[in-house]
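# A closer look at the structure
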Amino acid sequence: MNKILDQLSDKLLPIANALGSNKYLAVLRDAFMLSFPITMFGSLIVVFNNLPFFNDDTKTFLYNLLGNGQMATMSIMTVFVVFGIGYYLSKSYDVEGVFGGAVSLSSFLILTPFFIEPEKGEAISGVLSLDRLGAKGMFLGMITAFVAAELYSRMSKKGWQIKMPDTVPPAVAKSFAALIPGTLTLSIFLALHACVTYFFHVNLHDVIYKVIQAPLIGLGGSIGATLIAIFAIQIMWFFGLHGQVLVNSVMDPIWNTLNLENLEALQAGEATPHIISKSFIETFTVGLGGSGMTLAVVLIMAFVLKKKVYKDVGRLALGAGIFNVNEPVIFGLPIVMNATILIPWIVAPIVVTAINYTVMALGIVPAPTGVSVPWTVPLFFSGMMATNSIMGGLLQLVDVVIVGLIWYPFLRVLDKQEDSVL
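As recorded in an unreviewed UniProt entry, the protein chain goes by the name Permease IIC component, listed as coming from Streptococcus porcorum. In the Subcellular location (unreviewed entry) part of its UniProt record, the protein chain is described as follows: "Cell membrane". Turning to the protein chain, the UniProt record has this under Function (unreviewed entry): "The phosphoenolpyruvate-dependent sugar phosphotransferase system (PTS), a major carbohydrate active -transport system, catalyzes the phosphorylation of incoming sugar substrates concomitant with their translocation across the cell membrane."

Take the UniProt feature "transmembrane region" (unreviewed entry) in the protein chain next. Mapped onto this structure's residue numbering, the UniProt feature "transmembrane region" (unreviewed entry) falls at residues 31-51, 71-90, 97-116, 176-200, 212-239, 284-304, 343-365 and 385-408. From the first C-alpha to the last, residues 97-116 spans 32 Å; its make-up is 70% helix and 10% strand. Secondary structure across residues 343-365 divides into 83% helix and 0% strand, with the first and last C-alpha atoms of the span separated by 28 Å.

Together, Trp-160, Val-172, Phe-176, Leu-179, Ile-180 and Leu-184 make up a nonpolar patch on the protein surface, roughly 470 Å² of accessible area in all. Listed by contribution, the elements that provide at least two residues to the nonpolar patch are α8 (170-177) and α9 (179-200). Here the nonpolar patch takes three residues from α9, the largest share from any one element. Inspection of the secondary structure puts Ile-180 in helix α9.

We now examine the packing of aromatic side chains. For the structure shown, the criterion picks out nine aromatic pairs. Note on Trp-237 and Phe-331: the rings are 6.3 Å apart at their centroids and 65 degrees apart in plane angle, and the pair reads as edge-to-face. Placement of Trp-237 in helix α11 (residues 223-238) and of Phe-331 in helix α16 (residues 327-332) is noted, with a sequence separation of 94 residues between them. Relative accessible area serves as the criterion here: at 3%, Trp-237 is assigned to the buried category. On the numbers, 6.0 Å between centres and 35 degrees between planes, the contact of Phe-280 with Phe-284 is tilted. With Phe-280 and Phe-284 both in helix α13 (residues 278-284), this residue pair falls four residues apart, about one helical turn. Accessibility classification places Phe-280 together with Phe-284 in one group, the buried group. Among the aromatic side chains, those forming a connected cluster through ring pairs are Phe-83, Tyr-87 and Tyr-88. In this structure, Lys-136 packs its charged tip against the face of Tyr-209, placed 5.5 Å from the ring centre.

Moving on to the pattern of salt bridges. One pass over the structure, following the stated rule, counts nine salt bridges. Residues Asp-206 and Arg-132 are paired through a salt bridge, measuring 2.8 Å at the closest nitrogen-oxygen approach. With Asp-206 in helix α10 (residues 204-220) and Arg-132 in helix α6 (residues 130-133), the pair connects residues that are 74 residues apart, well separated along the chain. On the accessibility criterion, Arg-132 (13% relative accessible area) is buried.

Calculation criteria
Within each chain, residues carry numbers counting from 1 in the order of the written sequence. A pLDDT threshold of at least 70 governs which residues receive local features in this predicted model, and a stricter bar of 80 or more applies before side-chain atom pairs are shown or counted, although totals over entire chains, interfaces and linings include all residues. To obtain the side-chain values, all non-hydrogen atoms of the structure were used and water was disregarded. UniProt positions are given in the numbering used here, feature names are shortened, and annotations may be inferred rather than shown by experiment. A run of H or I in DSSP counts as a helix once it spans at least four residues, and a run of E counts as a strand once it spans at least two, with each numbered from the N terminus. What makes a patch is a set of residues exposed beyond 30% relative accessible area and free of salt bridges, joined within 9 Å when like-charged and within 5 Å when nonpolar (Val, Leu, Ile, Met, Phe, Trp, Tyr). Accessible surface area values rest on a Shrake-Rupley calculation with a 1.4 Å probe, where residue burial reflects the displayed protein chains alone. The salt bridge criterion pairs a side-chain nitrogen of Lys or Arg with a carboxyl oxygen of Asp or Glu, the two atoms within 4 Å. Pairing of aromatic side chains requires ring centres within 6.5 Å, counting the rings of Phe and Tyr and the six-membered ring of Trp. Pairs whose planes differ by under 30 degrees are stacked, by over 60 edge-to-face, and all others tilted. Burial classification: accessible surface area is computed with a 1.4 Å probe over protein chains only, and a residue below 20% of its type maximum counts as buried, one above 50% as exposed, and the rest as partly exposed. Criterion for a charge above a ring: Arg CZ or Lys NZ at most 6 Å from the ring centre, at most 35 degrees from the ring normal.

Right, here's the structure in full:
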């Protein structure tokens, strides 16, 4: 068994190291984190406006009063992500990040149609559609931001700048330094937009959405791809790597886009189109005690196992585990490189995720609405917030029981093994 684990470790570690050290994935992760506090505020507004005991008239009244809190945050999430990518990628080249972010955002807006075509009547010009700044524009926004920031940074590093005397205030000098690379970058995107519009009579938003975003969302939103992602997270954690960070850096663009589409459906009074989303992953995997759904494990260690060493670790980890922080049990049990508990560590999250998907697909429990719930919110409460239903909280309690049943025989074996050693 140890030989197999060593061979697996030798194959996985180079892949994990490559993912962890990849500059573009790190920039993408940081860009999404930049939008986190803003979208969290929007989520709280959505939760309040759609409390289950409000009738439709009350919800409409609250939406008219407070809806801008959602519109200006979650509904335009792509704007924050685009600026964040431009900012962090420019900084990675030691170029002024604020200008890189501004150029990236402006490049994205250049490619964005400033008109709306209603089903009936003439097109309305001089306006932006919210979906272009939200879910529908996410992938074009990310691609544009990376390309624009690369162009701007490389031109700046080549010295294509207007240099001002030292006596000029720094803010003015930085603005002039950004003038040439910024103008050239924006000119490239304007020329691209003009060519696509004139020769093909389309816009890049629709092209990217149909060719790249829609297929990726269909793949990433499937239960099969999700279970593979869960498996990868568990395997990486087993070898001491932060699987959540590594896998999420790849999957977050898809899961966040699915989340935004759910939110837009909620806003329009329509049924939630996706079960798998960022809210699903955060609430019904991480939200059960952290990566690997370990709250049940902590409870068994603290109150069922006999050995003092396990009871102590369980009780010490319980406070953090309630808020879905589980490093104390991952490294204290330990879970890392512990072959005895490899099976439940991998199997429990996969089984529970499949069950959660099934009960939501059958309509027994509502799918997450698209509201972003902080991953530190304790279970039951996070389930209710994510699904806007008490059934979401009850499902989390059932999940904990299932995880406990899968883990218990292996923890008993571990308890007896320790008994024979001490």
